[in-house]
Amino acid sequence: MHAMTASIFMIKPNATLLRLLYALALCLGVSLQAHAAVTSLKKGASVALPEFTLLDGSVMTSESLKNKPVLLSFWASWCPYCARQNPYIQKLHEQVKDSDMQVITISIDKELKAASDYVKKHNYTFKVAKLTPALTAVFGEIKVIPLVYVIDKNGIIQEVVPGEMFEEDVLDMRKYAK
């Protein structure tokens, strides 16, 4: 009986289960590594933004972003924390659209149709870029979502916020639009 009881409680993880747990951890904003390893880019670092390919196929050149503050938000259509934060990103976008500040979100969805359908369903008007090798070269592997960077007009990172933000914290980013 003892051997039978022991075998009932022995769970052999399989690759599908491990991938599911990793996806759940990513969705929950929990890195499988230490918080310090979320990104190599820290507040105060200088960053040169690459061009962005938007979901509609248009391109935002790095030149068009020079001397402008930029808020970047990494997200995915399947992430419930992103779903709660994206309305605040939309509200920020609406509040700063007449300033130089650029609000650009970057979908990490593997299927771009999922991101496009999500944006249409929610009537979001902020710019949505797809994750590209050029973005990965600058920001590294995205291990936590949502993930927000605020880069000032001089290309200096002013904020790095891994995980979901409250509405007032997202809207506080307006201070960089001035």
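Everything quoted here is computed from the prediction, not taken from an experiment.

Caption draft 1: How the structure looks around the pairing of strand 4 (residues 102-107). Of all six residues making up strand 4, six are buried, and the element is well covered by its neighbours. Going residue by residue along strand 4, you find Gln 102, Ile 104 and Ile 106 tucked away on one face and Val 103, Thr 105 and Ser 107 tucked away on the opposite face as well. Bridge count for strand 3 (residues 70-75) against strand 4 is six bridges, and the pairing is parallel. Of the residues in strand 4, the one forming a bridge with Phe 74 is Ile 106.

Caption draft 2: Structural detail: the sheet that holds strand 6 (residues 147-151). With mixed pairing, five strands are arranged side by side in an open sheet as 5-4-3-6-7. The outermost strands of the open sheet, each flanked by one partner alone, are strand 5 (127-130) and strand 7 (157-162). Ignoring strand direction, the axes of neighbouring strands in this sheet form an average angle of 20°. Of the strands in this sheet, strand 3, strand 4 and strand 6 are in contact with helix 4 (residues 80-96), which crosses strand 3 at around 160°. The strands that helix 5 (residues 112-121) touches are strand 3, strand 4 and strand 5; relative to strand 3, the one it contacts most, it runs at about 115°.

Caption draft 3: Expanded view of the packing of aromatic side chains. Inspection of every chain in the model, using the stated rule, returns six aromatic pairs. Ring geometry for Tyr 124 against Phe 126: centres 4.8 Å apart, planes inclined by 20°, an arrangement best described as stacked. Here the two residues Tyr 124 and Phe 126 agree in accessibility, since each one is buried. Grouping aromatic residues by their ring pairs yields a cluster made of Trp 75, Tyr 118, Tyr 124 and Phe 126.

About the thresholds
- Residues numbered from 1 in each chain as written.
- Predicted model: local features only at pLDDT ≥ 70, side-chain atom pairs only at ≥ 80, totals over all residues.
- Heavy atoms only, no water.
- Buried < 20%, exposed > 50% of the residue type's maximum accessible area, 1.4 Å probe, protein only.
- Helix = DSSP H or I, 4+ residues; strand = E, 2+ residues; numbered from the N terminus.
- Pairing = 2+ DSSP bridges.
- Axes fitted to C-alpha atoms, helices over the stretch in contact; angles between N-to-C directions.
- Contact = heavy atoms within 4.5 Å.
- Phe/Tyr/Trp six-rings, centres within 6.5 Å; stacked < 30°, edge-to-face > 60°.

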